[in-house]
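# Examination of the molecular architecture
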Amino acid sequence: MRKKAIILLVVAALAIAPAAAAQYKGATDEGSWGIGLNLGTNTGVAIKYGYGDFDIFGNVGFDFLNLKTDPFQFSLGVDVGLSYEVYDVDFGGGHHMPITVGLLFPMGFIITDNNLNFNLGVQAQAGIEYQIPDVPLAFYLRLGVGLDMLFGTSGIELGPGFSGGLGILYVF
């Protein structure tokens, strides 16, 4: 019964999020791209696109939370998310720091000695961003919390999910 309630809450949050976020906009200018490096639970390449109403971002890299040597376990992570600017801290002179919220869908392919497992999650995420005026570099920090589902040989396991990322993007 508890698992059904958690899944029902996640589905309700996914249904409500677009309507609740309609009043916000993305932190990145519409039509702009960013590519760079993400350090965190998924360390690798980061990409971001500004749609105007929201930003979509993704990371592909190594998932160091699932890295073990005895027994061997390796994980490749893929994160996809969207974010909305909810507040903009204005420092003046073109310096500002958008505060964002959104959804994150982390996925992981976990390779062990004997098999391949798949991890899928849904997380609420919050972050801050800063782009240097007149320089095409942007920095961000994102933290997420939610639900993870592990699909493996022992069936489906539900549990809490956490993520974090610190990154730098070249914006064009």
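Residues numbered from 1 in each chain as written. Predicted model: local features only at pLDDT ≥ 70, side-chain atom pairs only at ≥ 80, totals over all residues. Heavy atoms only, no water.

## Regarding the overall build of the chain
- The helix and strand tally for the chain stands at 1 helix and 9 strands.
- Burial statistics for the chain: of 172 residues in total, 35% are counted as buried.
- In the chain, 51% of the contacts between residues at least 6 apart in sequence involve partners at least 24 apart.
- Split by element, the accessible area of the chain, about 9,800 Å² in all, is 70% carbon and sulfur. (Helix = DSSP H or I, 4+ residues; strand = E, 2+ residues; numbered from the N terminus. Buried < 20%, exposed > 50% of the residue type's maximum accessible area, 1.4 Å probe, protein only. Contact = heavy atoms within 4.5 Å. Areas by Shrake-Rupley, 256 points an atom, 1.4 Å probe, with all protein chains shown as cover.)

## What about empty space enclosed by the protein?
- For the structure on display, the rule yields 1 cavity of 30 Å³ or more.
- When its volume is computed, the largest cavity comes out at roughly 100 Å³.
- Of all elements in the fold, only β3 (55-62), β8 (137-152) and β9 (155-171) reach the threshold of two or more residues within the lining of the largest cavity.
- It is β8 that contributes the most residues to the lining of the largest cavity, 4 residues altogether. (1 Å grid on protein atoms, 1.4 Å probe; cavity = no way out; pocket = protein on both sides within 12 Å on 5 of 7 lines; lining within 4 Å. Points joined across faces, edges and corners; volume = space filled by probe spheres on them.)

## Some words on the pairing of β3
- Bridging between strand β2 (residues 43-50) and β3 involves 8 bridges; their strand directions are antiparallel. Considered in β3, the bridge of V45 is made with V60.
- The sheet contact formed by β3 and strand β5 (residues 72-92) spans 8 bridges and is antiparallel. Bridging from a neighbouring strand, G61 pairs with G77 of β5. (Pairing = 2+ DSSP bridges.)

## Observations regarding the packing of aromatic side chains
- Taken as a whole and judged by the stated rule, the model has 8 aromatic pairs.
- Between F54 and Y84 the ring centres are 6.0 Å apart and the planes differ by 55 degrees, which places this aromatic pair in the tilted class. Of this pair, F54 sits in the loop between β2 and β3 while Y84 sits in strand β5, and the two are 30 residues apart along the sequence.
- Taking the relative accessible area as the measure of exposure, Y84 reaches 12% and is therefore buried.
- Ring centres 5.5 Å apart and planes at 65 degrees place the aromatic pair F62 and F74 in the edge-to-face group. Here the residue F62 occupies a position in strand β3, and F74 occupies one in strand β5, the gap between them amounting to 12 residues.
- The exposure class of F74 is partly exposed, given its relative accessible area of 24%.
- The ring of F57 has R142 lying over it, and the distance from NZ or CZ to the ring centre is 3.8 Å.
- A cation over a ring is seen here: R142 above Y140, with NZ or CZ 4.0 Å from the ring centre. (Phe/Tyr/Trp six-rings, centres within 6.5 Å; stacked < 30°, edge-to-face > 60°. Lys NZ or Arg CZ within 6 Å of the ring centre and 35° of its normal.)

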